[in-house]
Amino acid sequence: MKLVPLGDRVVLKQVEAEEKTKSGIILTSAAQEKPQEATVIAVGPGTDKVKMEVKPGDKVIFAQYAGTHFKADDEEYIVSKQEDILAIIED
């Protein structure tokens, strides 16, 4: 399935939660905190007022309650406005 966001929206794929702590303790799914880090999958064309600053493949940090979560092809995605992206992670 190809996702094509409209306007100033982006499709994000959230990074998986860590299953182990740094000290080696295995966490149950209930104890795992979902990171607010994601990879940009698709980017809308922008609007007259909003120039798109992210591109597919960017790693980003997004606001905690941002966007709409949904499942497609057994994968979880988030569709949110670009303004909900707080930072791009550069290596």
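Residues numbered from 1 in each chain as written. Predicted model: local features only at pLDDT ≥ 70, side-chain atom pairs only at ≥ 80, totals over all residues. Heavy atoms only, no water.

(A) Seen up close, the sheet that holds strand 3 (residues 59–62). Pairing is antiparallel across the open sheet formed by 6 strands, whose spatial order is 4-5-1-2-3-6. Of all the strands in the sheet, the pair left with one neighbour each is strand 4 (68–72) and strand 6 (85–89). Geometrically, the sheet is characterised by an average inter-axis angle of 40° between neighbouring strands, direction not taken into account. Pairing of strand 1 (residues 9–14) with strand 5 (residues 75–81) involves 4 bridges; the strand directions are antiparallel. Each residue of the ladder has a partner; that of Arg9, found in strand 5, is Lys81. (Pairing = 2+ DSSP bridges. Helix = DSSP H or I, 4+ residues; strand = E, 2+ residues; numbered from the N terminus. Axes fitted to C-alpha atoms, helices over the stretch in contact; angles between N-to-C directions.)

(B) Expanded view of the pairing of strand 1. Pairing between strand 1 and strand 2 (residues 37–43): 5 bridges, direction antiparallel. By the bridge assignment, Val10 is partnered in strand 2 with Val43.

(C) Unusual backbone geometry, seen in detail. Of note, the phi angle at Asp73 is positive, near 55°, even though the residue is not glycine. Following the sequence through the fold, Asp73 ends up in the loop between strand 4 and strand 5.

(D) Representation of the pattern of salt bridges. Taken as a whole and assessed by the stated rule, the structure comprises 2 salt bridges. The residue Glu75 makes a salt bridge to Lys13 at a minimum N-O spacing of 2.8 Å. Pair noted here: Glu75 is in strand 5 and Lys13 is in strand 1, with a separation of 62 residues, a long-range link. For Glu75, a relative accessible area of 30% gives the class partly exposed. Taking the shortest distance from any N to any O, the salt bridge between Lys55 and Asp58 comes out at 3.0 Å. Judged by relative accessible area, Asp58 falls into the buried class, the value being 10%. (Salt bridge = Lys/Arg side-chain N within 4 Å of Asp/Glu carboxyl O. Buried < 20%, exposed > 50% of the residue type's maximum accessible area, 1.4 Å probe, protein only.)

(E) The arrangement of the side chain of Asp58 in detail. By the element assignment, Asp58 lies in the loop between strand 2 and strand 3. At 3.0 Å, the side chain of Asp58 forms a polar contact with the backbone nitrogen of Lys55. Residues contacting Asp58, with those up to four places away along its chain left out, are Ala38, Thr39, Val40, Glu53 and Ile88. (Polar contact = N/O pair within 3.5 Å; in protein donor to acceptor, adjacent residues only side chain to side chain. Contact = heavy atoms within 4.5 Å.)

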